[in-house]
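Here's the letter readout for the chains.
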Amino acid sequence: MIWLALASGLIGFAAIWFTKGATIPIADASYLSLAALAGIDSLIGGLRAGTEGKFRGNVFVSGFVVNTLLAAFLAYLGDRLGQNLALAAVVALGGRIFVNLSITRRQWLDHRADLSSTRRAAQLAAKSPQQYAGEPTMDGESRN
Amino acid sequence: MGLPLNSPPHTAASPSDQQRSWAVSLCTLCAILGALLALSFKTQNQIRQSNVPAANYEGLSYEYLILKKKATDDERTIGSLQQNISDLENSAPSQNKQFQVLTDDLNRAKTLAGLTAVKGPGVTVTLNDSKKRFPDAPLAVQMITIVHDVDINQFVNELKAAGAEAISVNDQRLVANSAIRCAGPTVYINNTPQTPPYVIQAIGDAKTLDTALRLPGGAFDQMHGMDATMVRIAHAEKLIIPAYAGATQPRYAQPVETNARSGADNKN
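Residues numbered from 1 in each chain as written. Chains lettered and ligands numbered in written order. Predicted model: local features only at pLDDT ≥ 70, side-chain atom pairs only at ≥ 80, totals over all residues.

Enquirer: Before we go on, may I ask you to explain the overall build of chain A in this structure?
Expert: Within chain A, the regular secondary structure consists of 6 helices and 0 strands. Ordered by position from N to C terminus, the α and β elements of chain A give α-α-α-α-α-α. Within chain A, the fraction of its 144 residues that count as buried is 24%. (Helix = DSSP H or I, 4+ residues; strand = E, 2+ residues; numbered from the N terminus. Buried ≥ 20, exposed ≤ 12 C-beta atoms within 10 Å, placed from the backbone.)

Now the structure itself:
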């Protein structure tokens, strides 16, 4: 599924990359970069929610759209106000990307550890069913 | 957003449903994100390729050197073109009396305007920053030990008032629209940066010019009182003052066509 997402991302990328006329004015480039960063942040937020089992499609989609537009708009507003609001957006989004990635990584590692301990418990149970039948303390085993 | 396409009514309880909806949204948004990134990369590439000067000083100083070189070349071009003009002007008339009068008139006007190099007696005024240092003195006093644009302007003004017919500062001919202006550590004269010593050459009656400069309370008096080494006046039997080297083609000012104007013999 990861590969499916990556493939669709690549398709979107290629669609724009190889279209000749698809460019925007250089003056708006910084807003676009920020929008892209917000998109990456939303994607990683979705990834985290997915590994936590709390993923909700509508939250994800609306978050993606709103955050992307909001980031670009904030940067634009900052330019108008003479304040570097883009910096605030970059710091917030960048920080969140790191946090979400680290949480996702932990959960993935925990998940793997759980899987392997479950398998081991099943093997042991198959060897000596009378000893391990109904034994619920797999957690204790996984933390050896 | 495409969620109901391949899944029965969504229920949060079923993990496979959840996974599938996750996958569809993820793929859609990944595609959008890919497009955004592609657009962004492309634009950044465009910025890199176009010649927007980078915000680093190396790049800017490099640009500056190129522009400076170009300015020098352009100045040389202007010089040669002006030489061409005067060659053409001189070659054409000579036999015709009327043309001769016009040519003389033109030459006089050009001399007055500073477009020809001139020679003659006059004075040379050399201004230099003082070597003396007054670390304890107030800032105002320390500032006086440096030659400023104002000082040069005062001397030039004094020389003009005393009847100098041609003036140059560091070989920059002063013409009607010449400016002498402070710009950081240098003084811009005719839009070229100049550094001390500033050598003012003026053609005129040397004695008159000298006397006018040395008037009590004048610029020379003040500077000489501060530090005698800052200013030096020398008489010269023969000075050569170069022609104005800048552009002479007006971009905005247009001559007004009226018959009532005096000096209409030089009409164009």
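Let us keep going from here.
Enquirer: Help me understand the sheet that holds strand β7 (residues 198–203) of chain B, please; the structure alone is not making it clear to me.
Expert: In sheet architecture, strand pairing relies on hydrogen bonds along the backbone and comes in two forms, parallel and antiparallel. All names here are of chain B. What the 5 strands build is an open sheet, ordered β3-β2-β7-β1-β8; its pairing is antiparallel. Only two strands of the sheet have a single neighbouring strand rather than two, namely β3 (172–173) and β8 (231–241). Two elements, strand β2 (residues 166–169) and β3, share 2 bridges in a ladder whose sense is antiparallel. The residue of β3 that forms the bridge with S168 is R173. (Pairing = 2+ DSSP bridges.)

Enquirer: Can you help me understand the packing of helix α2 (residues 29–52) of chain A against helix α4 (residues 85–127) of chain A in this one?
Expert: When two helices pack together, their arrangement is captured by the angle between the axes and the distance separating the axes. Residue and element names in this part refer to chain A. In contact at an axis separation of 9 Å, α2 and α4 are set at 25° when each is read in the N-to-C sense. One way to sum up the angle between α2 and α4 is to call them roughly parallel. Viewed along their axes, α2 and α4 form a crossing whose handedness is left-handed. Of the residues in α4, those in contact with S30, L34, L37, A38, I40, D41, I44, G45, L47, R48, T51 and E52 of α2 are A86, A89, V90, L93, R96, I97, N100, L101, I103, T104, Q107 and W108. In terms of residue class, the contact of α2 with α4 is built from 14 nonpolar, 6 polar and 4 charged. (Axes fitted to C-alpha atoms, helices over the stretch in contact; angles between N-to-C directions. Parallel < 35°, antiparallel > 145°, perpendicular 65-115°, else oblique. Left-handed = near helix turned anticlockwise from the far one by under 90°. Contact = placed C-beta atoms within 7 Å. Nonpolar A, V, L, I, M, F, W, Y, C, P; charged D, E, K, R; others polar.)

Enquirer: Please explain the environment of K238(B) as it appears in this structure.
Expert: Residues and elements named next belong to chain B. With respect to the helices and strands, the residue K238 is situated in strand β8. Measuring from C-alpha to C-alpha, the distance between K238 and V123 comes to 9.3 Å, with 115 residues separating the pair along the chain. In this structure, K238 is in contact with K119 and P121, ignoring residues within four places of it in sequence.

Enquirer: Teacher, can you tell me more about the pairing of strand β5 (residues 186–189) of chain B here?
Expert: Consecutive side chains of a regular strand alternate in pointing toward one face of the sheet and then the other. Residue and element names in this part refer to chain B. Of the two faces of β5, only the one carrying V187 and I189 is buried; T186 and Y188 on the other face are not. Two elements, strand β4 (residues 180–183) and β5, share 4 bridges in a ladder whose sense is antiparallel. Within the sheet, the bridge partner assigned to R181 lies in β5 and is Y188. Counting the residues between successive antiparallel strands, the hairpin from β4 to β5 contains 2 residues, one of them, G184, with a positive phi of roughly 65°.

Enquirer: Can you help me understand the interface of chain B and chain A in this one?
Expert: Note on interface size: it is often stated as the accessible area lost on association of the parts. Chain B puts 26 residues into the contact, and the matching count from chain A is 31 residues. Here the residues of the side of chain B that touches chain A are counted per class, giving 17 nonpolar, 8 polar and 1 charged.

Enquirer: Any chance you could explain the packing of α2(A) against helix α3 (residues 57–81) of chain A here in plain terms?
Expert: All names here are of chain A. As a packed pair, α2 and α3 sit with axes 8 Å apart at the nearest point and diverge in direction by 150°. One finds that α2 runs roughly antiparallel with respect to α3. For the crossing formed where α2 meets α3, the hand is right-handed. On α3, the residues touching S30, Y31, L34, A35, L37, A38, G39, D41, S42, G45 and G46 of α2 are F60, G63, F64, N67, T68, A71, A72, A75 and Y76. Of the residues assigned to the contact of α2 with α3, the class counts are 11 nonpolar, 8 polar and 1 charged.

Enquirer: Please clarify how the sheet that holds strand β6 (residues 192–194) of chain B should be interpreted in this entry.
Expert: All names here are of chain B. The 3 strands lie next to each other as β4-β5-β6, forming an open sheet whose pairing is antiparallel. One side of each edge strand has no neighbouring strand; the edge strands of this open sheet are β4 and β6. Between one strand axis and the next, the sheet turns by 35° as a mean value, whatever way the strands run. Summarising the sheet, β5 and β6 pair through 3 bridges and their orientation is antiparallel. Each residue of the ladder has a partner; that of V187, found in β6, is Q194. Sheet contacts for helix α5 (residues 149–161): β4 and β5; angle to β4, the most-contacted strand, approximately 170°.

Enquirer: Sorry if this is basic, but what is going on with α3(A) here?
Expert: Because the α-helix completes a turn every 3.6 residues, residues three or four places apart line up on one side. All names here are of chain A. Over its 25 residues, α3 extends 35 Å from the first C-alpha to the last, a length consistent with the 36 Å expected when each residue adds 1.5 Å. Along α3, the residues that are buried comprise G57, F60, F64, N67, T68, A71, A72 and A75. Positive backbone phi, approximately 80°, marks G82, located one or two places after α3. (Expected span 1.5 Å × (residues − 1).)

Enquirer: Looking at this structure, I do not really get helix α6 (residues 206–213) of chain B. What am I missing?
Expert: All names here are of chain B. Among the residues making up α6, those that are buried are A206, L209, A212 and L213. One side of α6 carries all its buried residues, which in axial view fall inside an arc of 135°. Among the exposed residues of α6, those pointing more than 90 degrees away from its buried face are K207 and T211. (Arc of directions from axis to C-beta.)

Enquirer: Just to check I follow, could you spell out unusual backbone geometry for this structure?
Expert: A negative phi holds for most residues other than glycine; trans holds for most peptide bonds. All names here are of chain B. With omega at 0°, the peptide bond leading from P196 into P197 counts as cis. Even without being glycine, D171 reaches a positive phi, approximately 65°. Structurally, the position occupied by D171 is in the loop between β2 and β3.

Enquirer: Would you take a moment to explain the confidence of the model for chain A for this structure?
Expert: Any residue range with low pLDDT should be treated as having predicted coordinates unsuitable for detailed reading. Residues and elements named next belong to chain A. Scored by pLDDT, chain A comes out at a mean of 82, with 88% of its residues at no less than 70. Mean pLDDT per element in chain A: helix α6 (residues 138–142) is the minimum at 46, and α3 is the maximum at 89. Scored below 50 in pLDDT, residues 140–144 makes 6 contacts in the model with residues more than four places away or belonging to other chains. (pLDDT = per-residue confidence, 0-100.)

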